[in-house]
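Structural features, examined
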Amino acid sequence: MRVLVFLLLLATPAHALSAFDASPKGLAMDGYDPVSYFVAPAPQQGSPDIAADWAGVPWQFASPENRDRFLMAPESYAPQFGGWCAWAVGHGYLQPARPTSYAIVRGKLYLNWSPGVQRRWEASRPANIASGHHRWPTLKRQLLDADS
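Here goes a summary of the coordinates provided. (Residues numbered from 1 in each chain as written. Predicted model: local features only at pLDDT ≥ 70, side-chain atom pairs only at ≥ 80, totals over all residues. Heavy atoms only, no water.)

1. Quick look at the side chain of S36
Along the chain, the position of S36 falls in helix α2 (residues 36-39). Residue S36 is classed as buried on the basis of its relative accessible area, which comes to 0%. Setting aside residues up to four positions removed in sequence, S36 forms contacts with A42, P43, Q44 and N66. (Helix = DSSP H or I, 4+ residues; strand = E, 2+ residues; numbered from the N terminus. Buried < 20%, exposed > 50% of the residue type's maximum accessible area, 1.4 Å probe, protein only. Contact = heavy atoms within 4.5 Å.)

2. Quick word on helix α6 (residues 115-123)
Within α6 the residues assigned to the buried category are V117, Q118 and W121. In a view along the axis of α6, the buried residues occupy a sector of 105 degrees, so they form one face of it. For α6, the exposed residues lying more than 90 degrees away from the buried face are P115, R119 and A123. (Arc of directions from axis to C-beta.)

3. Describing the nonpolar core
Grouped together as the largest cluster of nonpolar side chains are 36 residues, with contacts concentrated most on W59, W121 and W136. Going through the elements one at a time, β1 (47-54), β2 (57-61), α5 (86-90), β3 (98-105), β4 (108-112), α6 and α7 (125-147) are the ones with two or more residues in this core. Not counting the four nearest positions on each side in its chain, W121 is found in contact with A86, W87, A103, V105, Y110, N112, N128 and I129. (Core = buried A, V, L, I, M, F, W, Y, C linked by side-chain atoms within 4.5 Å.)

4. What to know about the packing of aromatic side chains
The final tally for this structure, using the stated rule, is 12 aromatic pairs. With 5.7 Å between their ring centres and 55 degrees between their planes, F81 and Y110 make a pair best called tilted. Placement of F81 in the loop between α4 (74-77) and α5 and of Y110 in strand β4 is noted, with a sequence separation of 29 residues between them. Here Y110 and W121 contribute two aromatic rings whose centre-to-centre distance is 5.3 Å and whose plane-to-plane angle is 40 degrees, an arrangement assigned as tilted. Placement of Y110 in strand β4 and of W121 in helix α6 is noted, with a sequence separation of 11 residues between them. The exposure classification of Y110 matches that of W121, with both residues buried. Connected via pairs of aromatic rings, a cluster forms that spans F20, W54, W59, F61 and F70. (Phe/Tyr/Trp six-rings, centres within 6.5 Å; stacked < 30°, edge-to-face > 60°.)

This is the structure we're talking about:
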């Protein structure tokens, strides 16, 4: 597992190293607006002209209002497990997530790798969420230790 974390870190742009998954472009959620998952009918791509830095990575937003909402309460909108694939985190490893494979559960955003992985995660959602919350602190610590 440490080898996987190390390889993922090597593939991540240096400016994006944090506990948050960043796309190859160095953007949180591949540039999708995290607030849009909660306020729009479907997730929206953010704009490079409407951006903010939080948790060591840049975030993009579809509107200045969404950016301001996010900055007032980022933990309310940012995806769980640093935006990494929720199924993978629940199974003890890191896998980048795709912002189009998602679920909002009890007001929290969870991202997954693909629609197929999303279906597997949904099949045992309560257990996968509990396992993810149990395993995330260790994975997060490994990411942050590798960054120091």
